[in-house]
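# Structural overview
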Amino acid sequence: MMIDTHTHIYENTFDADRGEMIGRAKAAGVDRLIIPACTLADSARVRDTQAEYPDTCYAMYGLHPTEMGDSPMAEAEAIMDFAESQKLPRVGVGEIGIDLHWDKSRKDSQTEVFAWQMRYAYDKGLPVSIHCRDAVWLLMEELDKMRGHVPAGSLHCFTGSVDEAKVICRKWPQLMFGFGGSCTYKNSKVSEVAAAVPFDRILTETDAPYLTPVPHRGERNEPAYIPLVVERLALALGKSSEEVAAQTTENAKRLFWGEQG
């Protein structure tokens, strides 16, 4: 069994073959898919996808830092109200975070909404899925401000340095690291980071339809490609693919479902 801890299969690009795509994932041994919303509009699609595939898809709801509108705090609150109104349970809060790659002008708004969503998750006892691009230093500053109120969670598609990963490992043991298709790219440093963090804090993900792994790069990504991520991590860690699949599955179950062993 393997788990895709971050995949956007509710997006329109999967509308024509969502059922078949989920079938391919199961055939590849990927039995659970965590589907995080990024906006209030996304939230309904996440809900509907979970309702159609309740034994496979598990919802998260959050406001993505690059998807904020004119009133981001109000939208974040509306997303959480929506999440709380659903019959099927969610497994966390996400996708939330900080992104300074495209627009640095909204840094203050991003950090404010991020901090609010983190505190919300902590108060609800829910793990988070954190997006961070070109802002690991700022992320760590914000986590420091939260002191003892940082929830457990995943650093989705972590792209920080080895040194940054080591600091995070030391200061926030409740945070795990998500690795996806980018670890298969030529000259990627992601595998070096994976080798530097504890084995019991590594997660697998696709971020589908984005970040498609080699040899399918350039095509639409999908959860059936998780084994390619597992194989690359196994090479980086000096372990077998079976060991990596088993440990990352155990890690995901512990983080998102509270399952032990």
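Our subject in this report is the structure included herewith. Along each chain, the written sequence defines residue order, and numbers are assigned to residues from 1. Side-chain atom pairs in this predicted model are given and counted only at pLDDT of 80 or more, local residue features only at pLDDT of at least 70, and totals for whole chains, interfaces and linings cover all residues. To obtain the side-chain values, all non-hydrogen atoms of the structure were used and water was disregarded.

What follows concerns the environment of L233. Checked against the element boundaries, L233 lands in helix α8 (residues 226–237). Taking the C-alpha atoms as reference points, L233 and G181, 52 residues apart in sequence, are found 10 Å from one another. Every residue pair with non-hydrogen atoms within 4.5 Å of one another is taken to be in contact. Beyond its immediate sequence surroundings of up to four residues, L233 is in contact with F179, A194, I202, T204 and V244. Counting from the N terminus, the helices are DSSP H or I runs at least four residues long and the strands are E runs at least two residues long.

Let us look at the pattern of salt bridges. One speaks of a salt bridge when a side-chain nitrogen belonging to Lys or Arg is within 4 Å of a carboxyl oxygen belonging to Asp or Glu. Here the structure, examined in full by the defined rule, presents 13 salt bridges. For E222, the salt bridge identified is with R24, shortest N-O distance 2.8 Å. Residue E222 is found in the loop between β8 (202–204) and α8, and its partner R24 is found in helix α1 (residues 18–27); the two are separated by 198 residues along the sequence. Its relative accessible area of 5% is what places E222 among the buried residues. The rule is simple: take the accessible area with a 1.4 Å probe, protein chains only, and divide by the maximum for that residue type; under 20% is buried, over 50% is exposed, in between is partly exposed. The exposure class of R24 is partly exposed, given its relative accessible area of 35%.

So, about the sheet that holds strand β3 (residues 57–61). The criterion for strand pairing is that DSSP finds at least two bridges linking the strands in question. What the 8 strands build is an open sheet, ordered β1-β2-β3-β4-β5-β6-β7-β8; its pairing is parallel. Among the strands making up the open sheet, the edge pair consists of β1 (2–4) and β8. For this sheet, the mean angle separating the axes of adjacent strands, direction not counted, is 30 degrees. Pairing analysis gives 3 bridges linking strand β7 (residues 175–179) to β8, with the strands arranged parallel. Residue pairing across strands places G178 opposite L203, the latter belonging to β8. Running over the sheet, α8 touches β1, β2 (30–36), β7 and β8 and is turned about 150 degrees from β8. Axis geometry follows a simple rule: fit a line to the C-alpha atoms, using only the stretch in contact for helices, then measure angles between N-to-C directions, giving values from 0 to 180 degrees.

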